[in-house]
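Fold and contact review
One letter stands for each residue in the lines below.
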Amino acid sequence: METALERTLTIIKPDAVRAGHVGDVVKMFEANGLRIAAARMATLTRREAEGFYAVHRTKPFFESLTAFMSSGPALVMVLEGENAIARLRKLMGATDPAKAAPGTVRKLYAQSIERNAIHGSDAPETAAFEIAYFFAGIDLV
Ligand code: ATP
Ligand code: MG
């Protein structure tokens, strides 16, 4: 398989922060070849959550999703590693935790299809947009 050093954006969502799973999830990143290149705790404003999930603005769950995402502190991080985008998506598990594979973040920690513990960029273009949405170049180590 071809490999490429990539960066991706992850958010440990408010449900998982509230439940005290930050350390467990970060441990999974580090155990799976994902190095932390930037990190910031933030309670997103409603507007920030709406901008971040703008591709979903026409979905029936958009109001509820953006209310949830701005409901408390989240940990926003840039992760770096070989094939980091696909690697993180695999580690996260399916959007619906009922369908997530054993051992994935969502299988372990998600509460529902909405309160599903973690976000990860789904492609190089979205990773670039999402990293720039939260971090300046100077923030990346
Ligand atoms: P994310 O973008 O957060 O990494 P994802 O790529 O697995 O998740 P998307 O389809 O992009 O899934 O949905 C974005 C988020 O919207 C989901 O992670 C979840 O929090 C919420 N969501 C998705 N589908 C539903 C649904 N049917 N009902 C409620 N919330 C949903
Ligand atoms: Mg998505």
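In this report, the structure presented in the accompanying data block is examined. The model shown is predicted, which means the values in this text are computed figures rather than measured ones.

Reading the values: rules and limits
Residues numbered from 1 in each chain as written. Chains lettered and ligands numbered in written order. Predicted model: local features only at pLDDT ≥ 70, side-chain atom pairs only at ≥ 80, totals over all residues. Heavy atoms only, no water. Near = heavy atom within 4 Å. Polar contact = N/O pair within 3.5 Å; in protein donor to acceptor, adjacent residues only side chain to side chain. Helix = DSSP H or I, 4+ residues; strand = E, 2+ residues; numbered from the N terminus. 1 Å grid on protein atoms, 1.4 Å probe; cavity = no way out; pocket = protein on both sides within 12 Å on 5 of 7 lines; lining within 4 Å. Points joined across faces, edges and corners; volume = space filled by probe spheres on them. Nonpolar A, V, L, I, M, F, W, Y, C, P; charged D, E, K, R; others polar. Salt bridge = Lys/Arg side-chain N within 4 Å of Asp/Glu carboxyl O. Buried < 20%, exposed > 50% of the residue type's maximum accessible area, 1.4 Å probe, protein only.

1. Considering the site of ligand 1
The immediate surroundings of ligand 1 are formed by 14 residues, with Tyr-53, His-56, Thr-95, Glu-114 and Asn-116 found nearest. Note that an oxygen atom of ligand 1 is positioned 2.6 Å from one of the side-chain N or O atoms of Tyr-53. For ligand 1, an oxygen atom lies 2.8 Å from a polar atom in the side chain of Asn-116. When residues of the shell around ligand 1 are traced back to their parent elements, those giving at least two are helix 5 (84–92) and strand 4 (118–120).

2. Looking at the layout of surface pockets
Of the volumes computed, that of the largest pocket is approximately 560 Å³. What lines the largest pocket is a set of 23 residues, and nearest its centre among them are Tyr-53, His-56, Phe-61, Leu-65 and His-119. Listing elements by their share of the lining of the largest pocket, those giving two or more residues are helix 3 (46–52), strand 4 and helix 7 (124–134). With three residues, helix 7 is the single largest residue contributor to the lining of the largest pocket. Of the residues that constitute the lining of the largest pocket, the class distribution is eight nonpolar, eight polar and seven charged.

3. Considerations on the pattern of salt bridges
One pass over the full model with this rule turns up five salt bridges. Salt-bridge contacts for Glu-80 lead to Arg-7; the nearest nitrogen and oxygen are separated by 2.9 Å. Taken together, the residues Glu-80 in strand 3 (residues 74–82) and Arg-7 in strand 1 (residues 5–12) connect sequence positions 73 residues apart. Residue classification places Glu-80 among the buried residues on the basis of a relative accessible area of 14%. Overall, the relative accessible area of 33% leaves Arg-7 in the partly exposed class. Across the pair Arg-46 and Glu-50 runs a salt bridge, and its minimum N-O distance is 3.8 Å. Placement of both Arg-46 and Glu-50 in helix 3 is noted, with a separation of four residues, approximately one turn of the helix. For Arg-46, a relative accessible area of 33% gives the class partly exposed.

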